[in-house]
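Inside the fold
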Number of protein chains: 2
Amino acid sequence: MAEFINVAVDAMGGDHAPAEIVKGSIEAVNENSHVKVFLVGKEDAVRRELSKYTYGKEQVEVVNASEIIEMSEPPVMAIRRKKDSSIVKALLLVKDGICDAYVSAGSTGATLVGGQVIVGRVKGVERPPLAPLIPTEKGCALLIDCGANVDARPSQLVQFAKMGSVYMESVMGVKNPKVGIVNIGAEEEKGNALVKETFPLLKNCPDIHFIGSIEARDIPAGYADVVVCEAFVGNVILKLYEGVGGVLIKKVKEGMMASLRSKIGAFLVKPALKNTLKAFDLEQYGGAPMLGLKGLVVKTHGSSKAVEIKNSILQCITFTEQNINQKIKEKITMEEE
Amino acid sequence: MAEFINVAVDAMGGDHAPAEIVKGSIEAVNENSHVKVFLVGKEDAVRRELSKYTYGKEQVEVVNASEIIEMSEPPVMAIRRKKDSSIVKALLLVKDGICDAYVSAGSTGATLVGGQVIVGRVKGVERPPLAPLIPTEKGCALLIDCGANVDARPSQLVQFAKMGSVYMESVMGVKNPKVGIVNIGAEEEKGNALVKETFPLLKNCPDIHFIGSIEARDIPAGYADVVVCEAFVGNVILKLYEGVGGVLIKKVKEGMMASLRSKIGAFLVKPALKNTLKAFDLEQYGGAPMLGLKGLVVKTHGSSKAVEIKNSILQCITFTEQNINQKIKEKITMEEE
């Protein structure tokens, strides 16, 4: 059993739980024999879904949890009160060392709060950021931080840069990842108080590849591999990516349906278009890791279907095998000396 | 001559100056007999361009300015030192009451600084915001503030909401415009320190139609007509709109060129697609007004061609006719009582 990478999956979280969560989990274990999933949720509902599939029994375990934390619940209160919820019980599996990682499509707030108070931070980490991968023209970039803790301090942003660099190098295989700080101009003297204070700290950081300021316009173009910002700005960037992308694709579709001529064109162009647009789909990258915790906590999109759940679970393998948390610890501690 | 709306145009600003600036100015005067443009710049260069066109001589005046403020110059210094620059001289025409409005495709920083120190603020206005129109699924919204002054105070954001409401109602004809504050969640308790402090002030503001928080995802969907935020976030939103839009449209084009089949499709779909995508083009809305100044100051995109210059000049007519500055003054002063 020691050979497995154990992943605690919140079977009740997200718009399509438990059906798609269970389906994605089974797809993951059937694709990789080194993974074991712990499906945490209402046992009868989970078993009902499980009965639909064939899989190695030693790779799946069901952990009963009678409660569910809803998307709308205030996270701190929910984590404190709902001790028998799927989120709390799944996080406890990580805390207790039974699981290496946690995946949930449920409440982001509860996952972020629970990650901190239940799993706990790596020593030295001031604030664990939520860091989704976002598509760029050249591939993808890590947007760090998009979490719930806004109004960050400069020292925290420096840690984001370090943790993000470890992730992009070790998990995504980007050699010497380029780190940029989100700013309103390319010049060093530009920015708000936070950015102005953080800039020289990043510049003097020997163990990252800092390229300076990055304007929002240049994020989708892929100028930086690690896009550092405070959580409020990160959240705006992530959600605007989604929003602008969604409306534009809708407009493209409307345009194609405008006339008979364009409809015929649309029929011909569709397969090729689907392929290129897929490369710019936020959801293809699976979950967003919360970095700097003692275990891996991954938050996937609330609308995740089986494929995203599967990808999020498989992503935990590289993360664990690469020993990211140890590398983060070393990089953070190095700074403190 | 009193019947004209007089617009001072920076003939030397922007990537395509002076040719496209002069061309757009002539197109504006030829389209509307109530406009007079004051072309401010190197007289010989401007006259050389002017000689290409036919127009009513009483509608065009050339004002010589020997210097040019470059895009890369630190704005405060440039405004102070280059007294004979096209930007400074054009702004002085507004300050001296000779012109009602100013249009420039040149340095944003110099226009913002010059607007404040040369033209001056309307009494009661704490900070004049730069407020571009951005495309949405339903039409457009005013993004306020995208200027150079970051780290705004709550009282300033309240003024942005009021000024933006006046603009959308009087210039764009939106009845009772919906005001939203950019936030990272819909709930009132979410947000950073600034948003949390501003939210109740906006809620208690009787003379605007406040709809609460707006997540970045919902901006392109058109949930709000006036999108209130501090300048750092506004700048990120504006530039990410551009960036995501640009990359996505490039991806669509690439997809269409992927195979022979898709190429034929692209040929058929192109005209219809061009039309719908045009509605989502940031540049179609002409210039961004800087609100709360004693005259109208409009900044257009650095890459502006004749059509954008023309639109920006024509936009000054509605602004002046609607007496926006008087309305802003009334709305701001009302608050102070």
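Residues numbered from 1 in each chain as written. Chains lettered and ligands numbered in written order. Predicted model: local features only at pLDDT ≥ 70, side-chain atom pairs only at ≥ 80, totals over all residues. Heavy atoms only, no water.

**Focus on the overall build of chain A**
When its secondary structure is counted, chain A shows 11 helices and 11 strands. Computed over C-alpha atoms, the radius of gyration of chain A comes to 21 Å, within 12% of the 20 Å expected from 2.2 N^0.38 for 337 residues, which places it in the range of a compact globule. Principal-axis analysis of the C-alpha atoms places the extent of chain A at approximately 70 × 60 × 35 Å. Each of the 337 residues in chain A was classed as buried or not, and the buried ones make up 60%. Nonlocal contacts in chain A, meaning residues at least 24 apart in sequence, comprise 73% of its contacts between residues at least 6 apart. For chain A, the exposed surface amounts to about 13600 Å²; the carbon and sulfur share of it is 52%. (Helix = DSSP H or I, 4+ residues; strand = E, 2+ residues; numbered from the N terminus. Rg over C-alpha atoms; globule rule 2.2 N^0.38 Å. Buried < 20%, exposed > 50% of the residue type's maximum accessible area, 1.4 Å probe, protein only. Contact = heavy atoms within 4.5 Å. Areas by Shrake-Rupley, 256 points an atom, 1.4 Å probe, with all protein chains shown as cover.)

**Concerning the sheet that holds strand β7 (residues 178-183) of chain A**
Residue and element names in this part refer to chain A. Read from one edge to the other, the open sheet built from 5 strands follows the order β5-β6-β9-β7-β8, with strand pairing classed as mixed. In this open sheet, the two strands that pair with only one neighbour each are β5 (133-136) and β8 (209-215). Neighbouring strand axes in the sheet, compared pairwise and without regard to direction, differ in orientation by 30° on average. Of the pairings in the sheet, the one linking strand β6 (residues 139-144) to strand β9 (residues 226-228) comprises 3 bridges and is parallel in character. The residue of β9 that forms the bridge with I144 is V228. Relative to β7, helix α7 (residues 193-203) is tilted by about 165°, and along the sheet it contacts β7 and β8. (Pairing = 2+ DSSP bridges. Axes fitted to C-alpha atoms, helices over the stretch in contact; angles between N-to-C directions.)

**Things to note about the packing of aromatic side chains**
Tallied over the entire structure, the rule returns 4 aromatic pairs over all chains. Look at Y167(A) and F319(A): their rings are 6.1 Å apart centre to centre, the planes differ by 45°, and that puts the pair in the tilted class. Of the two residues, Y167(A) is situated in helix α6 (residues 154-170) and F319(A) in helix α10 (residues 306-321); the sequence distance between them amounts to 152 residues. Summarising the burial analysis for this pair, Y167(A) and F319(A) share the class buried. Positioned above the aromatic ring of Y55(B), the side-chain terminus of K57(B) is 4.2 Å from the ring centre. Taking NZ or CZ as reference, R261(B) lies 5.0 Å from the ring centre of F267(A), over its face. (Phe/Tyr/Trp six-rings, centres within 6.5 Å; stacked < 30°, edge-to-face > 60°. Lys NZ or Arg CZ within 6 Å of the ring centre and 35° of its normal.)

**Re the relation of the copies chain B and chain A**
With an RMSD of 0.0 Å, the operation that places chain B on chain A is a rotation of 180° combined with a shift of 0.0 Å along the axis. In the structure described here, the two chain copies are related by an operation that fits a two-fold rotation axis. Among all residues of chain B, the minimum C-alpha distance to the rotation axis is found for G265(B), at 1.8 Å. (Least-squares fit on C-alpha atoms with pLDDT ≥ 70 in both.)

**Looking at the pattern of salt bridges**
Any two side chains of opposite charge can pair, given that their charged atoms come close. Under the defined criterion, the tally for this structure stands at 24 salt bridges over all chains. The salt bridge involving E73(B) is made with K82(B); its shortest N-O contact spans 2.7 Å. What makes K82(B) buried here is its relative accessible area of 18%. Each of E215(A), R217(A), K239(B) and E242(B) takes part in a single network of salt bridges with overlapping partners. (Salt bridge = Lys/Arg side-chain N within 4 Å of Asp/Glu carboxyl O.)

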